[in-house]
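Summary of the model geometry
The chain contents come next:
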Amino acid sequence: MILVTGATGNVGRPLVARLTAEGHKVRGLTRNPDRARLPDGALPVAADDLGAALDGASALFLNPAAFWNGAGELLRLAAERGVGRVVTLSSSAVVESSLPLDPRNPIAEHHRALEAEVEAVAATAGMGWTHVRPGMFATNTLTWADALRRDGVLRAAHARAQAAPIHEDDIADVAALALTGALGADGPTPVLTGPESLTQADQLRLIGEATGRDLRFDEIPHEEARAGMIAAGTPAEIADVLLDLAAASVDVPAQVSPGVEQLTGSPGRSFAQWARHHAEDFR
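Residues numbered from 1 in each chain as written. Predicted model: local features only at pLDDT ≥ 70, side-chain atom pairs only at ≥ 80, totals over all residues. Heavy atoms only, no water.

A closer look at the environment of V95
How we decide: A helix here means a DSSP run of H or I that spans at least four residues, while a strand means a run of E at least two residues long, and both kinds are numbered starting from the N terminus. Each residue's exposure class comes from its accessible area (1.4 Å probe, protein chains only) as a fraction of the maximum for that residue type: buried when under 20%, exposed when over 50%, partly exposed otherwise. Whether two residues are in contact is decided by their heavy atoms: any pair within 4.5 Å suffices.
In this fold, V95 is placed in the loop between β5 (85-89) and α4 (106-125). Accessibility expressed as a relative area gives 40% for V95, which makes it partly exposed. When the C-alpha atoms of V95 and A138 are compared, they prove to be 20 Å apart, with 43 residues separating the residues in sequence. Ignoring any residue separated from it by four or fewer positions in sequence, one finds V95 in contact with R133 and V191.

Quick notes on the pattern of salt bridges
For clarity, the cut-off: For salt bridges, the criterion is a side-chain nitrogen of Lys or Arg within 4 Å of an Asp or Glu carboxyl oxygen.
Enumeration according to the criterion identifies 17 salt bridges in this entry. Where E80 meets R81, a salt bridge forms, and the shortest distance between an N and an O atom there is 3.6 Å. Assessed through its relative accessible area of 31%, R81 is described here as partly exposed. The partner of R283 in a salt bridge is E280, with the nearest N and O atoms 2.2 Å apart.

Let's talk about the packing of helix α3 (residues 72-80) against α4
Put simply, the rule is: Structural elements are reduced to axes, namely lines fitted to C-alpha atoms, with helices fitted over the stretch in contact, and the angle between N-to-C directions of any two is expressed from 0 to 180 degrees. Any angle between 65 and 115 degrees counts as roughly perpendicular, while under 35 counts as roughly parallel, over 145 as roughly antiparallel, and the rest as oblique. In this scheme the crossing of two helices becomes right-handed for a clockwise turn of the near helix relative to the far one and left-handed for an anticlockwise turn of less than a right angle.
Close contact between α3 and α4 brings their axes to 10 Å; oriented N to C, the two are set at 20°. What the angle tells us is that α3 and α4 run roughly parallel. The chirality of how α3 crosses α4 is right-handed. Taking contact as the criterion, the partners of G72, L75 and A79 in α3 are, on α4, E117, V118, V121 and A125.

Listed below in C-alpha coordinates is the structure:
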(Lines give C-alpha, C1' and ligand atoms only; values in the text may rest on other atoms or scores of the structure.)
Protein backbone atom coordinates (compact mmCIF):
# COMPACT_ATOMS: atom_id res chain seq x y z
CA MET A 1 0.00 0.00 0.00
CA ILE A 2 1.32 3.44 -1.00
CA LEU A 3 -0.01 6.65 0.56
CA VAL A 4 0.08 9.68 -1.74
CA THR A 5 -0.40 13.07 -0.11
CA GLY A 6 -1.60 15.90 -2.32
CA ALA A 7 -3.31 13.18 -4.36
CA THR A 8 -5.50 15.56 -6.35
CA GLY A 9 -2.68 17.99 -7.16
CA ASN A 10 -0.68 18.50 -10.32
CA VAL A 11 1.81 15.75 -9.49
CA GLY A 12 -0.31 13.62 -7.17
CA ARG A 13 -3.04 12.86 -9.70
CA PRO A 14 -0.77 11.46 -12.47
CA LEU A 15 1.29 9.67 -9.80
CA VAL A 16 -1.80 7.91 -8.46
CA ALA A 17 -2.84 7.04 -12.01
CA ARG A 18 0.53 5.50 -12.81
CA LEU A 19 0.76 3.51 -9.59
CA THR A 20 -2.75 2.09 -9.90
CA ALA A 21 -2.16 1.24 -13.57
CA GLU A 22 0.87 -0.76 -12.48
CA GLY A 23 -1.24 -2.71 -10.01
CA HIS A 24 -0.18 -1.03 -6.76
CA LYS A 25 -2.64 -0.40 -3.96
CA VAL A 26 -2.89 3.35 -3.41
CA ARG A 27 -4.50 5.62 -0.85
CA GLY A 28 -4.87 9.26 -1.81
CA LEU A 29 -4.82 11.75 1.05
CA THR A 30 -7.23 14.61 0.40
CA ARG A 31 -9.28 17.19 2.31
CA ASN A 32 -12.46 16.15 0.49
CA PRO A 33 -12.52 12.38 -0.10
CA ASP A 34 -16.09 12.49 -1.47
CA ARG A 35 -15.01 14.89 -4.24
CA ALA A 36 -11.53 13.54 -4.96
CA ARG A 37 -12.40 11.62 -8.15
CA LEU A 38 -9.20 9.61 -8.03
CA PRO A 39 -8.39 7.05 -10.73
CA ASP A 40 -10.13 3.68 -10.44
CA GLY A 41 -8.43 1.49 -7.88
CA ALA A 42 -7.28 4.31 -5.60
CA LEU A 43 -8.92 4.87 -2.24
CA PRO A 44 -9.41 8.50 -1.12
CA VAL A 45 -8.77 9.02 2.59
CA ALA A 46 -9.37 12.05 4.78
CA ALA A 47 -6.44 14.29 5.60
CA ASP A 48 -7.65 14.70 9.18
CA ASP A 49 -7.04 11.03 10.04
CA LEU A 50 -3.36 10.49 9.33
CA GLY A 51 -3.08 7.45 11.56
CA ALA A 52 -5.72 5.52 9.64
CA ALA A 53 -4.31 6.68 6.32
CA LEU A 54 -0.88 5.29 7.21
CA ASP A 55 -1.99 1.93 8.63
CA GLY A 56 -0.47 -0.80 6.50
CA ALA A 57 1.31 1.65 4.17
CA SER A 58 4.72 0.57 2.92
CA ALA A 59 5.64 3.87 1.25
CA LEU A 60 4.69 7.54 1.54
CA PHE A 61 4.76 10.32 -1.04
CA LEU A 62 5.18 13.61 0.80
CA ASN A 63 3.95 16.67 -1.05
CA PRO A 64 5.05 19.78 0.89
CA ALA A 65 2.13 21.81 -0.46
CA ALA A 66 -0.11 19.64 1.72
CA PHE A 67 2.10 20.18 4.79
CA TRP A 68 3.44 23.71 4.39
CA ASN A 69 3.55 24.23 8.15
CA GLY A 70 5.61 21.12 8.77
CA ALA A 71 5.31 17.37 8.32
CA GLY A 72 6.50 16.33 11.77
CA GLU A 73 3.28 14.61 12.85
CA LEU A 74 2.93 12.79 9.53
CA LEU A 75 6.52 11.55 9.67
CA ARG A 76 6.22 10.53 13.33
CA LEU A 77 3.15 8.45 12.57
CA ALA A 78 4.78 6.99 9.46
CA ALA A 79 7.71 5.81 11.56
CA GLU A 80 5.41 4.36 14.24
CA ARG A 81 3.41 2.41 11.66
CA GLY A 82 6.42 0.93 9.93
CA VAL A 83 6.38 2.83 6.65
CA GLY A 84 9.49 1.67 4.83
CA ARG A 85 10.14 4.51 2.40
CA VAL A 86 9.43 8.23 2.14
CA VAL A 87 9.62 10.08 -1.18
CA THR A 88 9.69 13.87 -0.85
CA LEU A 89 8.53 16.21 -3.57
CA SER A 90 11.32 18.74 -3.08
CA SER A 91 12.70 21.43 -5.39
CA SER A 92 15.79 22.26 -7.41
CA ALA A 93 15.91 25.46 -5.34
CA VAL A 94 17.69 23.57 -2.56
CA VAL A 95 20.82 23.18 -4.70
CA GLU A 96 20.63 26.19 -7.02
CA SER A 97 22.72 28.61 -4.96
CA SER A 98 23.93 30.96 -7.68
CA LEU A 99 20.90 33.24 -7.43
CA PRO A 100 21.34 36.52 -5.58
CA LEU A 101 18.32 35.87 -3.34
CA ASP A 102 19.62 32.57 -1.95
CA PRO A 103 19.69 31.60 0.97
CA ARG A 104 16.88 34.04 1.80
CA ASN A 105 14.66 32.28 -0.73
CA PRO A 106 11.72 30.99 1.37
CA ILE A 107 10.94 28.33 -1.24
CA ALA A 108 14.46 26.92 -0.93
CA GLU A 109 14.44 27.23 2.85
CA HIS A 110 11.13 25.39 3.12
CA HIS A 111 12.28 22.48 1.00
CA ARG A 112 15.68 22.28 2.71
CA ALA A 113 13.96 22.09 6.08
CA LEU A 114 11.58 19.39 4.86
CA GLU A 115 14.42 17.33 3.41
CA ALA A 116 16.32 17.57 6.68
CA GLU A 117 13.23 16.55 8.66
CA VAL A 118 12.69 13.50 6.45
CA GLU A 119 16.31 12.43 6.71
CA ALA A 120 16.34 12.79 10.51
CA VAL A 121 13.22 10.66 10.98
CA ALA A 122 14.37 8.13 8.41
CA ALA A 123 17.72 7.71 10.14
CA THR A 124 16.04 7.03 13.48
CA ALA A 125 13.32 4.74 12.12
CA GLY A 126 15.35 2.93 9.47
CA MET A 127 13.23 4.19 6.59
CA GLY A 128 14.51 4.60 3.06
CA TRP A 129 14.14 8.02 1.48
CA THR A 130 14.34 9.85 -1.83
CA HIS A 131 14.06 13.57 -2.55
CA VAL A 132 12.66 14.35 -6.01
CA ARG A 133 14.05 17.73 -7.08
CA PRO A 134 12.23 19.26 -10.07
CA GLY A 135 12.78 22.75 -11.39
CA MET A 136 10.01 24.96 -12.73
CA PHE A 137 6.73 23.12 -13.24
CA ALA A 138 5.10 23.64 -16.62
CA THR A 139 1.85 23.85 -14.66
CA ASN A 140 3.02 27.21 -13.26
CA THR A 141 1.78 28.72 -16.51
CA LEU A 142 -1.77 27.74 -15.58
CA THR A 143 -1.76 30.98 -13.58
CA TRP A 144 -1.98 32.68 -16.99
CA ALA A 145 -5.15 30.85 -17.95
CA ASP A 146 -7.78 33.29 -16.66
CA ALA A 147 -6.22 36.25 -18.45
CA LEU A 148 -5.73 34.32 -21.67
CA ARG A 149 -9.28 33.01 -21.69
CA ARG A 150 -10.54 36.55 -21.07
CA ASP A 151 -8.81 38.46 -23.85
CA GLY A 152 -5.80 36.49 -25.11
CA VAL A 153 -3.31 38.89 -23.53
CA LEU A 154 -0.72 37.99 -20.89
CA ARG A 155 0.37 41.01 -18.87
CA ALA A 156 3.56 40.03 -17.08
CA ALA A 157 7.13 41.07 -16.44
CA HIS A 158 10.29 39.71 -18.07
CA ALA A 159 9.08 38.19 -21.33
CA ARG A 160 12.63 37.02 -22.13
CA ALA A 161 13.14 35.21 -18.80
CA GLN A 162 14.20 31.64 -19.54
CA ALA A 163 13.34 28.35 -17.84
CA ALA A 164 13.18 24.65 -18.72
CA PRO A 165 9.63 23.78 -17.60
CA ILE A 166 9.04 20.15 -16.65
CA HIS A 167 5.86 18.22 -17.40
CA GLU A 168 4.15 16.98 -14.22
CA ASP A 169 3.92 13.49 -15.74
CA ASP A 170 7.72 13.29 -15.80
CA ILE A 171 7.87 14.18 -12.11
CA ALA A 172 5.23 11.54 -11.40
CA ASP A 173 7.18 8.93 -13.38
CA VAL A 174 10.30 9.52 -11.30
CA ALA A 175 8.33 9.56 -8.05
CA ALA A 176 6.67 6.24 -8.93
CA LEU A 177 10.07 4.64 -9.47
CA ALA A 178 11.25 5.98 -6.14
CA LEU A 179 8.16 4.79 -4.25
CA THR A 180 8.47 1.27 -5.61
CA GLY A 181 12.20 1.03 -4.83
CA ALA A 182 13.31 1.02 -8.46
CA LEU A 183 15.82 3.86 -8.00
CA GLY A 184 17.92 1.87 -5.55
CA ALA A 185 19.94 3.61 -2.85
CA ASP A 186 18.69 6.47 -0.68
CA GLY A 187 19.41 10.04 -1.72
CA PRO A 188 18.19 12.94 -3.82
CA THR A 189 17.51 12.67 -7.51
CA PRO A 190 19.40 14.86 -9.94
CA VAL A 191 17.70 18.16 -10.67
CA LEU A 192 14.82 17.39 -13.03
CA THR A 193 13.92 19.78 -15.85
CA GLY A 194 12.16 19.84 -19.14
CA PRO A 195 14.20 19.12 -22.29
CA GLU A 196 14.66 22.71 -23.51
CA SER A 197 15.18 26.27 -22.34
CA LEU A 198 12.31 28.57 -23.28
CA THR A 199 11.52 32.20 -22.65
CA GLN A 200 8.17 33.13 -21.18
CA ALA A 201 7.30 34.51 -24.60
CA ASP A 202 8.20 31.12 -26.15
CA GLN A 203 5.93 29.35 -23.68
CA LEU A 204 3.05 31.67 -24.55
CA ARG A 205 3.65 31.09 -28.27
CA LEU A 206 3.49 27.31 -27.78
CA ILE A 207 0.27 27.63 -25.80
CA GLY A 208 -1.11 29.68 -28.68
CA GLU A 209 -0.13 27.00 -31.18
CA ALA A 210 -1.70 24.29 -29.04
CA THR A 211 -4.97 26.19 -28.65
CA GLY A 212 -5.13 27.67 -32.13
CA ARG A 213 -5.41 31.13 -30.60
CA ASP A 214 -3.58 34.38 -31.31
CA LEU A 215 -2.09 35.20 -27.89
CA ARG A 216 -0.08 38.30 -27.05
CA PHE A 217 2.53 39.06 -24.38
CA ASP A 218 2.15 42.57 -22.97
CA GLU A 219 5.33 43.11 -20.97
CA ILE A 220 4.84 45.24 -17.86
CA PRO A 221 7.37 46.63 -15.34
CA HIS A 222 8.69 44.42 -12.54
CA GLU A 223 7.06 46.49 -9.78
CA GLU A 224 3.69 46.56 -11.52
CA ALA A 225 3.80 42.78 -11.84
CA ARG A 226 4.73 42.49 -8.15
CA ALA A 227 1.79 44.63 -7.09
CA GLY A 228 -0.58 42.58 -9.22
CA MET A 229 0.66 39.27 -7.78
CA ILE A 230 0.28 40.50 -4.22
CA ALA A 231 -3.19 41.86 -4.93
CA ALA A 232 -4.13 38.43 -6.30
CA GLY A 233 -3.08 36.78 -3.05
CA THR A 234 0.57 35.80 -3.56
CA PRO A 235 2.58 36.47 -0.37
CA ALA A 236 5.01 39.34 -0.90
CA GLU A 237 8.09 37.21 -0.17
CA ILE A 238 7.02 34.60 -2.71
CA ALA A 239 6.24 37.25 -5.32
CA ASP A 240 9.71 38.70 -4.78
CA VAL A 241 11.36 35.29 -5.20
CA LEU A 242 9.50 34.49 -8.41
CA LEU A 243 10.07 37.88 -9.98
CA ASP A 244 13.72 38.03 -8.93
CA LEU A 245 14.24 34.59 -10.45
CA ALA A 246 12.66 35.80 -13.68
CA ALA A 247 14.75 39.00 -13.73
CA ALA A 248 17.95 37.04 -13.13
CA SER A 249 17.18 34.67 -16.02
CA VAL A 250 16.43 37.24 -18.73
CA ASP A 251 18.46 36.23 -21.80
CA VAL A 252 20.21 33.52 -19.70
CA PRO A 253 19.49 30.02 -21.04
CA ALA A 254 18.23 27.69 -18.34
CA GLN A 255 20.27 24.66 -17.41
CA VAL A 256 18.73 21.56 -18.98
CA SER A 257 19.18 18.38 -16.98
CA PRO A 258 19.24 14.84 -18.43
CA GLY A 259 17.86 13.54 -15.13
CA VAL A 260 14.43 12.46 -16.39
CA GLU A 261 15.86 10.33 -19.17
CA GLN A 262 18.62 8.96 -16.93
CA LEU A 263 16.10 7.77 -14.36
CA THR A 264 13.14 6.71 -16.52
CA GLY A 265 14.85 5.69 -19.75
CA SER A 266 12.59 8.03 -21.75
CA PRO A 267 13.23 11.63 -22.86
CA GLY A 268 11.42 14.31 -20.91
CA ARG A 269 8.17 15.55 -22.39
CA SER A 270 8.40 18.91 -24.18
CA PHE A 271 6.53 22.06 -23.26
CA ALA A 272 4.76 21.81 -26.62
CA GLN A 273 3.43 18.40 -25.52
CA TRP A 274 2.38 19.87 -22.20
CA ALA A 275 0.55 22.72 -23.93
CA ARG A 276 -1.35 20.26 -26.12
CA HIS A 277 -2.30 18.20 -23.06
CA HIS A 278 -3.63 21.35 -21.33
CA ALA A 279 -5.03 23.22 -24.31
CA GLU A 280 -8.57 23.28 -22.90
CA ASP A 281 -7.35 25.09 -19.79
CA PHE A 282 -6.50 28.11 -21.96
CA ARG A 283 -9.53 28.22 -24.25
